[in-house]
Amino acid sequence: MKRIVLLFFILTSLGSWSQKSNAFIDHRIIYTSSEGYNITEPTAAVYDELGWLWIVGNKAEQSEYLFEKKEIIIQRFDGVSFYDIALPNSGKEIVTAFLFNNGIHGLLFRADYKNAPSEIFHIDPKTLQFSKIENYQNLESKYGYHTSFILNNQLTLVHLGKDEVALIQIDDKEAKVTDRVSFTFNQGFNPARALSHEGTHTILTIMKGVNYIVNDKGKFVKELIPKDLPFVKNPEEIKLDFISYILTDDNQPVFYTVYGDPVFFKLDEENLTVKEYPPLSFIRKKHLHFNASNNHYYMTFEKKEEVSQLQMFDLNNNFELLETLEMDDYHIHAFKDMNKELLILYGNTIDRIVFNQNKIKTYLKGESIRTVKEISIDKYIVATDNKGLYELNTTTGEAEKIRFTYQGEEVFITEPREIINTKQGYIFNDKTNLYEVDRSYEIHEKYTHPLWLEVTFQFGDTIFKGGVHHLGIQRFSLQDKSYHFLGIGTQVREFATNGKSLFGISVNEGPFEYKNGKITFYVPEEEASNNFLSIFYDKKLGLLLSTKQGKIYSFDPQTKTFTLFYQDTIKASVVGMITDDSGILWMNTYAGITSYDPSTQEEKRYTKKDGVYELEGNRYSTYKDSKGNIFMGSFKGLSFFDPKELENEEKELKLKFTELSFFDTEESLWKAHNKPGFLNSVDEISLPSYNQRFSARVSFLDAVDAKNYNYRYRLVKESEKETAWNKLYLENEIVFSNLSAGTYTLQVEVLSSINKRIGKTLELQIVSQQIFYKTWWFFLIILLLIIGVFSYLFYQFKSKQKLYAANEIAMNEAKIKEAMMLEIHHRIKNNLQVVSGLLSLQAFDSKDKELKAKLQDSQGRIESIAGIHNILYKGDSQEAVVVEEYFNDIISYNKTLFTQEVAYNLSIAHVELSMDKAIPLALILNELINNSHKHAFDNTENPSIHVQFKEDKTSYTFLYVDSGTFKEKVGERISMGMKIISMMISQLKGKDSIQEEGSFQMELVFPKV
């Protein structure tokens, strides 16, 4: 079974006439993930009141082949770029989601959760804030969502319960059940069809055979039963499967259903009655999916297996097929103005179909047009150069060639330049003849002249003829039907009159006036006589003459003076002129059609993008009909337009910022601002001195295809008078970085095809803050600092001078003290050596072995003390010593006293000790090393000594351990060495603990103070 989706829309921009060869679809734009569109399988797409398109669906980055949880996302689209929108954090898994346009109340977002009731949120398009409709969950628990419809710009949600259907409308904060009706469920349940339109009533199908007329207030107005339908023959036996809206005709909605074959009927919204509507032959059993009010064009979308087709039909011409467009698929659609565009969304693709918006129509394409004459409403005679004359119907677009007969034979009239109305018909001309013709195009009289004079003009009861091929001007009297040669040797391009005189343009001599049988030439001093091309008279503007370089001069017949009236921007030759009913001058040029408003001096140019088929205009072919429509001929067709529509087309289009990115000092981060409320209200941004950069995006939300226009921008510094403009490609960002300090104005403009500004200049003030070291206050601080430093240095200099003498004295005293200390040290050392010598002599002379051993032991201690004393006072400082260096020197000294190899393991913190603590500690270490050598290492292999010294906040800890064997001797008195150690510990105010089991270990803790 084929699935068919029918689409309808108004294309009023195509006017009342459409030529069959015209392209109704101007172009297509495809958006995918490459353009930033990150949604696949969209479920809804709606436009908000600001012109942004909102789309909801699955995130496109997830693989369609993976069985994973799909992430629902929303994106906004401004016609150029896509922006992600943060969803409300409900903590629940969203299975599906939908968007609704709620008219003046903004947008609605419906989230369907897994294992939880659905929720609806109101979205403010200006702030992008979501606010939960709190009471909707209560309604959702009682009813289930069925469908929705929009009537008269009012959204109504349809919810089904077990035995009733409810209509719900939602404002910014609350959901309300506006009406409900009971029903009995049957097996004929059908999904809802198209319902929405611009009227106030529609027909809601709940299920098979259950149809209600509902209104825009959300009320059930009337149940529509089969007997209410004129086409139903047996109401008791029929239950209609569905009723679907298709279009609006004469402000009344038209619906269709299937009653054997498709049948159609109108709904009278005032009387709530229906009447039959003529069948639409091409609709058989197609599913009508959506529609818009439309009295002119009708569109269907047929989804096939291989390819889908979008087709356009002419409602005014028996639904004649006008256009067929192929596309890959269909999920949903969206439109802001169905007259301009239609968006088809499927997969990860948006297919944007832009309809032909050209207000300028082209007839008789390929033909060289020379003149036009209105003969009745929407009917005209059009003369061509070589193909004769046509009768043109601007309603149907058909042009029928006119066949002239003279005395029973067909006559072919070529190169006519003027068509003159008479009581009986018309007067036509060709190169050498004038023809009197009746309304049926029968030639009654033919007046031949010998010269090829193709230019024809009626002035009163006289027809003047001239031409560019021969010299001279002829008169033809409509009274006596005779020619009179004026004998004026000039070639004529065109004639005009102000009602008093005949004026013209000569090929070589320029403008002339013919009055009272005399011709006079007038040429502006600054202009060459052979530059003039066309002449035209208007009651308000006067006599206008155009040139090959696009100038138009105004000529005053009284003063015989010229005034430059207009200069074409691109200096295109002007070959024809006409004024519309509002006084605007329209010009047929070699570069399209141009309008000029003398009151505002505003110029607009219309070219191929506006529908002008051929840019090079033809002379003699500019014409205005009785309704104000304008015709302008070219070498390849006849342009036709309503000037009011063209003037209204380029309205005040508003260029807007869609994103501003800069460093936000309040949040201390680089931030992209894309909330419309912020963008519409901001007029200044401030850049901190440490991050002087910003970027901006703009969009033309009012334009269907913003890329049809030119854009430019510049950043103007406050102190600069003029800054060059930069071209802006709309898909790119405006980026500035490393701005110097100052105040700037960012200006962005939209330009027409002739580089004229459209609308107002978009402006934003940028304040780039001064870097701190370039500010006045920084210079003031530096100056004060320099003064303070110099003042301090001066004070220090004076103070040092005062102290210098005292320092000199102190230094001298210190040197004396140092010398005295060295002398004292030297004397102590000598005295210790004397004592050691005396003990040595005493021991040598002693015969008592015990005494001798004690004397030798005392001698060793004296020598040790002398050695330690030498170590302490050989350093640079006489006040304190570094413990690590101090201990190493003591160990090195003891190695010279004892021959036994002992391994020393040191763990010494980097600590400085004063002399009053260093000397007792040194004596303790020295006695311990002596004791170990003398008493512990006799029978020890590989003896070792471990020394550790560390500090904490209030004390020092000294640890000594040897690997020797300690033999306790019961009853022996305390040795001299231990007595010395005990005395030194007392001097240090320390506490010791000794372990003598196995090896010897002593730990000493003494305070820092």
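Residues numbered from 1 in each chain as written. Predicted model: local features only at pLDDT ≥ 70, side-chain atom pairs only at ≥ 80, totals over all residues. Heavy atoms only, no water.

Section: the overall build of the protein chain
Alright, step 1. The helix and strand inventory of the protein chain stands at eight helices and 74 strands.
Alright, step 2. Burial status across the protein chain gives 51% buried among its 1009 residues.
Alright, step 3. Within the protein chain, residue pairs in contact and separated by at least 24 positions form 52% of the contacts whose partners lie at least 6 positions apart.
Alright, step 4. Carbon and sulfur atoms make up 49% of the accessible area of the protein chain, which amounts to about 50400 Å² in all. (Helix = DSSP H or I, 4+ residues; strand = E, 2+ residues; numbered from the N terminus. Buried < 20%, exposed > 50% of the residue type's maximum accessible area, 1.4 Å probe, protein only. Contact = heavy atoms within 4.5 Å. Areas by Shrake-Rupley, 256 points an atom, 1.4 Å probe, with all protein chains shown as cover.)

Quick look at the sheet that holds strand 36 (residues 420-421)
Alright, step 1. Here four strands make up an open sheet; going across it, the order is 36-37-38-39 and the pairing antiparallel. The open sheet has two edge strands with one neighbour each: strand 36 and strand 39 (443-448).
Alright, step 2. Here strand 37 (residues 425-429) runs beside strand 38 (residues 433-438); their pairing, made up of five bridges, is antiparallel. Bridged to Tyr 426 within strand 38 is Val 437. (Pairing = 2+ DSSP bridges.)

Overview of the environment of Gly 576
Alright, step 1. Here Gly 576 is to be found in strand 52 (residues 574-579).
Alright, step 2. Between the C-alpha atoms of Gly 576 and Ser 534, which are 42 residues apart in sequence, the distance is 6.0 Å.

With respect to the side chain of Thr 362
Alright, step 1. Tracing the backbone shows Thr 362 in strand 29 (residues 361-363).
Alright, step 2. A distance of 3.5 Å separates a polar atom in the side chain of Thr 362 from the backbone oxygen of Gly 611. (Polar contact = N/O pair within 3.5 Å; in protein donor to acceptor, adjacent residues only side chain to side chain.)

Focus: the sheet that holds strand 27 (residues 341-346)
Alright, step 1. Reading across the sheet, the four strands line up as 2-28-27-26 and stay open at both edges, with antiparallel pairing between neighbours. The two strands at the open ends of the sheet, each matched to only one other strand, are strand 2 (25-31) and strand 26 (332-334). Direction aside, the axes of adjacent strands within the sheet are offset by 20° on average.
Alright, step 2. For strand 2 and strand 28 (residues 349-355), the ladder comprises six bridges, and the chain directions are antiparallel. What sits directly across from Tyr 31, in strand 28, is Ile 350. (Axes fitted to C-alpha atoms, helices over the stretch in contact; angles between N-to-C directions.)

Focus: the nonpolar core
Alright, step 1. Phe 887, Ile 924, Phe 949, Phe 958 and Tyr 960 are the most contacted members of the largest nonpolar core, which has 37 residues in total.
Alright, step 2. Taken together, the elements giving at least two residues each to this core come down to helix 6 (883-897), strand 69 (903-908), helix 7 (915-936), strand 71 (944-951), strand 72 (955-962), helix 8 (976-988) and strand 74 (1001-1007).
Alright, step 3. In terms of residue count, helix 7 provides more of this core than any other element does, ten residues in total.
Alright, step 4. The next biggest cluster of nonpolar side chains, apart from the first, holds 28 residues, and it includes Leu 655, Val 682, Leu 728 and Val 750. (Core = buried A, V, L, I, M, F, W, Y, C linked by side-chain atoms within 4.5 Å.)

Digging into the packing of helix 6 against helix 7
Alright, step 1. The interhelical angle for the contact between helix 6 and helix 7, taken along N-to-C directions, is 35°, at an axis separation of 11 Å. As helix 6 packs across helix 7, the resulting crossing turns out to be right-handed. Seen from helix 6, the contacting residues are Tyr 886, Phe 887, Ile 890, Ile 891 and Asn 894; seen from helix 7, they are Ala 918, Ile 919, Leu 921, Ala 922, Leu 925, Asn 926, Ile 929 and Asn 930.
Alright, step 2. When the residues that make up the contact of helix 6 with helix 7 are grouped by side-chain class, the tally is ten nonpolar, three polar and no charged. (Left-handed = near helix turned anticlockwise from the far one by under 90°. Nonpolar A, V, L, I, M, F, W, Y, C, P; charged D, E, K, R; others polar.)

Looking at the pattern of salt bridges
Alright, step 1. Across all of its chains, the model carries 26 salt bridges by this definition.
Alright, step 2. Residue Glu 603 is joined to Arg 605 by a salt bridge in which the shortest nitrogen-to-oxygen separation is 3.7 Å. Taken individually, Glu 603 and Arg 605 each receive the classification buried, so the pair is uniform in this respect.
Alright, step 3. Among the charged side chains, a network of salt bridges with common partners joins Lys 92, Glu 119 and Lys 132. (Salt bridge = Lys/Arg side-chain N within 4 Å of Asp/Glu carboxyl O.)

Describing the packing of aromatic side chains
Alright, step 1. Tallied over the entire structure, the rule returns 49 aromatic pairs.
Alright, step 2. On the basis of an interplanar angle of 35° and a centroid distance of 6.2 Å, the ring pair of Phe 109 and Phe 121 is categorised as tilted. Pair noted here: Phe 109 is in strand 8 (residues 107-113) and Phe 121 is in strand 9 (residues 116-124), with a separation of twelve residues, a long-range link. With respect to class, Phe 109 is no different from Phe 121; both count as buried.
Alright, step 3. With 5.7 Å between their ring centres and 20° between their planes, Phe 694 and Phe 736 make a pair best called stacked. (Phe/Tyr/Trp six-rings, centres within 6.5 Å; stacked < 30°, edge-to-face > 60°.)

Comments concerning the side chain of Ser 634
Alright, step 1. Along the chain, the position of Ser 634 falls in strand 57 (residues 630-634).
Alright, step 2. Exposure remark for Ser 634: the relative accessible area of 5% places this residue in the buried category.
Alright, step 3. If we ignore the near neighbours within four places in the chain, the residues touching Ser 634 are Glu 367, Ser 368, Ile 369, Glu 614, Glu 616, Gly 617 and Asn 618.

Description of the pairing of strand 17 (residues 220-224)
Alright, step 1. Of the pairings in the sheet, the one linking strand 16 (residues 210-215) to strand 17 comprises four bridges and is antiparallel in character. Note that in strand 17 the partner of Val 214 across the bridge is Phe 220.
Alright, step 2. Two successive antiparallel strands, strand 16 and strand 17, enclose a turn made up of four residues, where Gly 218 displays a positive phi of approximately 75°.

Quick word on the packing of helix 7 against helix 8
Alright, step 1. Running from N to C, helix 7 and helix 8 cross one another at 155°; their axes reach a closest spacing of 9 Å. With respect to each other, helix 7 and helix 8 are oriented roughly antiparallel. Handedness of the crossing formed by helix 7 with helix 8: left-handed. Packed against helix 7, whose contacting residues are Asp 916, Lys 917, Pro 920, Leu 921, Leu 923, Ile 924, Glu 927, Leu 928 and Asn 931, the element helix 8 presents Gly 977, Met 978, Ile 980, Ile 981, Met 984, Ile 985, Gln 987 and Leu 988 at the interface.
Alright, step 2. For the contact of helix 7 with helix 8, a count of residues per class yields eleven nonpolar, three polar and three charged. (Parallel < 35°, antiparallel > 145°, perpendicular 65-115°, else oblique.)

Re helix 8
Alright, step 1. A rise of 1.5 Å per residue sets the reference length of helix 8, with its 13 residues, at 18 Å; its end C-alpha atoms lie 18 Å apart and thus fit the reference within 8%.
Alright, step 2. All buried positions along helix 8 are accounted for by Gly 977, Ile 980, Ile 981, Met 984, Ile 985 and Leu 988. An end-on view of helix 8 places all buried positions within 140° of arc, on one side of the element. Opposite its buried face, helix 8 presents the exposed residues Met 983 and Ser 986, each directed more than 90 degrees away. (Expected span 1.5 Å × (residues − 1). Arc of directions from axis to C-beta.)

Details of the confidence of the model for the protein chain
Alright, step 1. On average, residues of the protein chain score 83 in pLDDT, and 88% of them reach the 70 mark or higher.
Alright, step 2. Note on residues 1-22: pLDDT is under 50 here. Beyond four places in sequence and across chains, it has 97 contacts. (pLDDT = per-residue confidence, 0-100.)

Overview of the pairing of strand 61 (residues 684-687)
Alright, step 1. Burial along strand 61 is one-sided: the residues Ile 685 and Leu 687 are buried and none of Glu 684 and Ser 686 is.
Alright, step 2. Strand direction decides the pairing type here: strand 61 and strand 67 (residues 757-768), joined by four bridges, are parallel. Across the sheet, Glu 684 pairs through a bridge with Gln 765, a residue of strand 67.

Digging into the environment of Gly 144
Alright, step 1. With respect to the helices, strands and loops of the structure, Gly 144 is situated in strand 11 (residues 144-151).
Alright, step 2. Given a relative accessible area of 27%, Gly 144 falls into the partly exposed group.
Alright, step 3. The spatial distance from the C-alpha of Gly 144 to the C-alpha of Val 158 is 8.5 Å, given a sequence separation of 14 residues.

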